[in-house]
Amino acid sequence: MSKHIALSLLLAIILLGSCTRKAVPTKSGATTKRPVPEAVRATNVEFRFLSAKGKAQFDYQGNQQAANINVRIRKDSVIWISASLIGLEGVRAYITRDSVQVLDKLHREYYAGDYAYLSKRLNVPVNFDMLQALLLGNYLPPLDPATEPKVATENSMQRVNYEQVGLLVQQLIELGKARVQQLTVEDPATQNKVTVDYTDFRVLERAPQSFAYNTLLQIQQGQNKPTTATLSYRTVDVDKERLQFPFSIPKGYARKK
């Protein structure tokens, strides 16, 4: 697993990477959660603890890589991600409302910082609620609570649009499932574009709600070949057990600046 692929485990799947022109100051843990607006017909996944196992596949400029992936979430509190190749763990991420930590075991490195630092470094506005929504396929509200989305219904699909930080954000919601089917974030100035498609919806065993077992993320930067990341889950469980989120930095690991 190359360094780029290892970093992509965290960045390519759960961030709106490489689309913004400027960074936006964000408060690390002070995000105020907002309910889905009444006009938006999306239903979010509800749970206390969620665990999912499957495979992540990446394609970066023709460099293809696959890894087994394990995701654990304590709702609104912790996101834990582990990826492994041939049974050996290569990357582990531990994300809370005010911190992001990533352990790269293959290169004996780690990243640790808050959202303000991460947003500045990646030139992407990031907060915990955004990462959680992208992983779950939940409705993604505007960063600014004062922003009013434009909502339109076209046959069996609802289209929700808003603008933030000079970006155009669009979400497509299938009315029958009441779930987000596609998220698109586009920068008109650079024509950079991020598209996330959610498919293979199944009803969860322990809760009568629909979950996307397949997520496809595509990052288009100008005329370059798109970078893609696919998450295909084998199992998804909610509230089956109280989950653990083990994370520690071994001695001798270098901190990534």
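Residues numbered from 1 in each chain as written. Predicted model: local features only at pLDDT ≥ 70, side-chain atom pairs only at ≥ 80, totals over all residues. Heavy atoms only, no water.

### Here we look at the overall build of the chain
In step 1: Within the chain, the regular secondary structure consists of 3 helices and 14 strands.
In step 2: Of all intrachain contacts in the chain linking residues separated by at least 6 positions in sequence, the fraction that spans at least 24 positions is 52%.
In step 3: When the accessible surface of the chain is summed, it comes to about 12,600 Å², and 48% of that surface belongs to carbon and sulfur atoms. (Helix = DSSP H or I, 4+ residues; strand = E, 2+ residues; numbered from the N terminus. Contact = heavy atoms within 4.5 Å. Areas by Shrake-Rupley, 256 points an atom, 1.4 Å probe, with all protein chains shown as cover.)

### Some thoughts on the nonpolar core
In step 1: Counting 32 residues, the largest nonpolar core has Leu50, Ile73, Ile79, Phe211, Tyr233 and Val236 as its most contacted members.
In step 2: Elements represented by at least two residues in this core include exactly strand E1 (49-60), strand E2 (63-74), strand E3 (78-85), strand E4 (88-96), strand E5 (100-104), helix H3 (128-136), strand E12 (210-220) and strand E13 (227-238).
In step 3: With 5 residues, E13 is the single largest residue contributor to this core.
In step 4: Of all hydrophobic cores here, the second largest spans 22 residues; its members include Val160, Tyr162, Leu167 and Tyr198. (Core = buried A, V, L, I, M, F, W, Y, C linked by side-chain atoms within 4.5 Å. Buried < 20%, exposed > 50% of the residue type's maximum accessible area, 1.4 Å probe, protein only.)

### Points about the pairing of E5
In step 1: With 4 of 5 residues buried, E5 is to be regarded as a mostly interior element.
In step 2: Here 5 bridges tie E4 to E5, and the two strands are oriented antiparallel to one another. By the bridge assignment for E5, Tyr94 is matched with Gln101.
In step 3: Between E4 and E5, which pair antiparallel one after the other, the connecting turn spans 3 residues. (Pairing = 2+ DSSP bridges.)

### What to know about the pattern of salt bridges
One side chain can pair with another of opposite charge once the charged atoms of both are near each other.
In step 1: In the structure shown here, the tally under the stated rule is 8 salt bridges.
In step 2: Taking the shortest distance from any N to any O, the salt bridge between Arg92 and Glu89 comes out at 2.8 Å. Each member of the pair Arg92 and Glu89 is classed as buried.
In step 3: A salt bridge links Lys105 to Glu89; the nearest nitrogen and oxygen atoms lie 2.5 Å apart. (Salt bridge = Lys/Arg side-chain N within 4 Å of Asp/Glu carboxyl O.)

### Some words on the confidence of the model for the chain
In step 1: When pLDDT is averaged along the chain, the result is 82, and 83% of the positions lie at 70 or above.
In step 2: The least confident element of the chain is helix H1 (residues 3-14), whose mean pLDDT is 44; the most confident is strand E8 (residues 157-164), at 94. (pLDDT = per-residue confidence, 0-100.)

### Some words on the packing of aromatic side chains
In step 1: Counted by the stated rule, this structure contains 3 aromatic pairs.
In step 2: Among the aromatic side chains, those forming a connected cluster through ring pairs are Phe211, Tyr213 and Tyr233.
In step 3: In this structure, Arg72 packs its charged tip against the face of Trp80, placed 4.4 Å from the ring centre.
In step 4: In this structure, Arg202 packs its charged tip against the face of Tyr213, placed 4.1 Å from the ring centre. (Phe/Tyr/Trp six-rings, centres within 6.5 Å; stacked < 30°, edge-to-face > 60°. Lys NZ or Arg CZ within 6 Å of the ring centre and 35° of its normal.)

### Examining unusual backbone geometry
In step 1: Although it is not a glycine, Arg108 adopts a positive phi angle of roughly 55 degrees.
In step 2: Residue placement: Arg108 occurs in the loop between E5 and strand E6 (109-113).
In step 3: For Arg108, a relative accessible area of 44% translates into the label partly exposed.

### With respect to a positive patch on the surface
In step 1: Taken together, Lys53, Lys55, Arg206, Arg234 and Lys240 make up a surface patch of like positive charges.
In step 2: In this structure, Lys53 sits in strand E1.
In step 3: On the accessibility criterion, Lys53 (43% relative accessible area) is partly exposed. (Patch = residues over 30% accessible without salt bridge, like charges linked within 9 Å, V, L, I, M, F, W, Y side chains within 5 Å. Lys, Arg positive; Asp, Glu negative; His and termini not counted. Charge placed at Lys NZ, Arg CZ, Asp CG, Glu CD.)

### Observations regarding the side chain of Asp197
In step 1: Looking at the element boundaries, Asp197 is found in strand E11 (residues 192-203).
In step 2: As a buried residue without a salt bridge, Asp197 has its nearest oppositely charged side chain in Lys193, at a separation of 9.2 Å.
In step 3: Within polar-contact distance, the side chain of Asp197 engages the side chain of Gln182 at 2.7 Å.
In step 4: If sequence neighbours within four positions are ignored, Asp197 has contacts with Gln181, Gln182, Asn214, Thr215, Leu216 and Gln218. (Polar contact = N/O pair within 3.5 Å; in protein donor to acceptor, adjacent residues only side chain to side chain.)

### Examining the pairing of strand E7 (residues 150-154)
In step 1: Direction of pairing for E7 relative to E8: antiparallel, over a ladder of 5 bridges. Looking at the pairing, Glu154 lines up with Met157 of E8.
In step 2: What sits between E7 and E8 in their antiparallel hairpin is a turn of 2 residues, with Asn155 showing a positive phi close to 55 degrees.

### Side note on the environment of Ile81
In step 1: Topologically, Ile81 is positioned in strand E3.
In step 2: Taking the relative accessible area as the measure of exposure, Ile81 reaches 2% and is therefore buried.
In step 3: Residues Ile81 and Ile69, 12 residues apart in the sequence, show an inter-C-alpha distance of 7.2 Å.

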